[in-house]
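Structural overview for review
What follows is the residue order along each chain.
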Amino acid sequence: MAQPGWDGFTFFGMDHQGQFRRAARESGIPDDEISRFSQHLRLSIGLSVGGDSPVGQLGGLPRLPVGMKWPTAGDIPLPLLLAVDCGALPRVEGFDLPADGTLLFFVNQEMDHEDGSGKYARVVYVPDGTETAVAEAPDSLCVRERLDVGVELAAELPLWLQEGDEDWHEFWEDLDWEDMSPFQQQLFRYMERELPNLGALRDLAHGLWPSGGYVSIGGYADDEVINSIAEQVLAGRELAGEMPAIPTAKWYSHLEEEKHRQTGEWISLAGEGRVYEEYCTSFVIRHDDLAAARVDKALAVTSFVVV
C-alpha cells in the first residue's frame, strides 16, 4: 500500500538523523520502523527571548536596504514582527532557508485578521552584502518592543501522530471501524502495522528536541491554515470541473486526504505560539518557493486566540 500522504522531506541536518536513529536503536526499535517514523518527523527552529547568542529580534526597527521604504499596505505601515539572521540558524535538511542574509516578517495583525487577503503582511529577504540602514519608523505606533531571541530545536509531528489533549491514535482505536472515513481507516492501518512503537519513538523525539520557543521557524504548518488551503483547493477543483461535486457526506473524508497532500507541499516559514487573548500570525510557504527564495509567495494568516 502506498504511504498515505507522505511528503518525502526529512527534516534533519548535521547528525540529527544519526542521533535519533542511535537513540531508537538503543531502545530496541527496528531500523525499518525508525525510518518510517523519521519520514514524518520534522525539526523546527524555536526562537525564545534571551540567550547568549542572539540570532534575531522580535519587534523593534528593521535594517532595510538603503532606499527601501518601510513596508506598508496603502498608507498603513506594517509593524516588524520578526527579523532573523539565516546564517546564524542551525541547518535543517529539507528546510531550504537561504544560507545567509536576513528574513524580515512584517504584519499588521489586527488588519490581517479582519481582512484575510494577505495584503497586511509581508516577508522581505535581504541578502548578505546588501547595503542596509536602520529604518526610520513612519509611525511610532507601528514599532513593537524589541526583544532579542536565541535558538533551540524542537521535534514536530503531523497532527494525526501527535500526543496531547487529544491523542489521535487512541481516539481512532475507540471508534467503530464503520464510523471511520476510508482515509482514517488507511491511516489507522498504517499506524497499527507499520508503527507499533509509535509512543516510544514519539517520546524519544521530544526528549531529544523538546522546546519550540515563542516563535518557530520550519516544522509543520498550522492545522487551521492547512485546513483552509485544502478547502479552497477542493472547492476550486469542483468549480473548474476537474472533479465531480463531492457529496456532503463524503466531504470530510476528501478534506482529510487533501490536507495530507497540502501538509507535504507547505511548510511553516514562521509561526507564533498561541497565547491568551492575543493575535498570532502564521507564515507558510511551499517547499519549492522557499528553495527558490521566493519569500514573497509566503501566505500569512492571523488568528485571534482565546485560550
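Above this text you will find the structure in question.
Reference entry: report on the structure contained in this document.

Take the pairing of strand 12 (residues 266-272) next. Counting buried positions along strand 12 gives seven out of seven residues, so the element sits mostly inside the fold. Note that strand 12 and strand 13 (residues 278-286) share five bridges and pair antiparallel. In the sheet register, tryptophan 266 faces strand 13, and the bridge partner there is arginine 286.

By secondary structure assignment, the location of arginine 42 is in strand 1 (residues 42-49). Arginine 42 sits in the buried class, given a relative accessible area of 1%. At 3.0 Å, the side chain of arginine 42 and the backbone oxygen of threonine 263 are in polar contact.

This next bit is on helix 2 (residues 31-38). Taken together, the buried positions of helix 2 are Glu33, Ile34, Arg36, Phe37 and Ser38. Check the buried side of helix 2 and you find it contacts helix 1 (16-26), helix 5 (182-194) and helix 6 (198-208).

Before going further, it helps to examine the pattern of salt bridges. Counted by the stated rule, this structure contains eleven salt bridges. Put simply, arginine 25 and aspartate 31 hold a salt bridge, and the shortest N to O gap is 2.8 Å. For arginine 261, the salt bridge identified is with glutamate 257, shortest N-O distance 3.9 Å. With a gap of four residues between them, arginine 261 and glutamate 257 both fall in helix 8 (residues 248-265), about one helical turn apart. Residues participating in the shared-partner salt-bridge network are Arg237, Glu257, Glu258 and Arg261.

One pass over the full model with this rule turns up six aromatic pairs. Considering the side-chain rings of phenylalanine 20 and phenylalanine 37, the 5.7 Å spacing of their centres and the 20 degrees angle between planes classify their relative orientation as stacked. Separated by 17 residues along the polypeptide, phenylalanine 20 in helix 1 and phenylalanine 37 in helix 2 bring together distant segments of the chain. Per residue, the accessibility class of phenylalanine 20 equals that of phenylalanine 37, and both read buried. Taking 5.0 Å as the distance between ring centres and 65 degrees as the angle between the ring planes, the aromatic pair formed by tyrosine 279 and phenylalanine 304 counts as edge-to-face.

Analysis parameters
Residues numbered from 1 in each chain as written. Predicted model: local features only at pLDDT ≥ 70, side-chain atom pairs only at ≥ 80, totals over all residues. Heavy atoms only, no water. Buried < 20%, exposed > 50% of the residue type's maximum accessible area, 1.4 Å probe, protein only. Helix = DSSP H or I, 4+ residues; strand = E, 2+ residues; numbered from the N terminus. Pairing = 2+ DSSP bridges. Polar contact = N/O pair within 3.5 Å; in protein donor to acceptor, adjacent residues only side chain to side chain. Contact = heavy atoms within 4.5 Å. Salt bridge = Lys/Arg side-chain N within 4 Å of Asp/Glu carboxyl O. Phe/Tyr/Trp six-rings, centres within 6.5 Å; stacked < 30°, edge-to-face > 60°.

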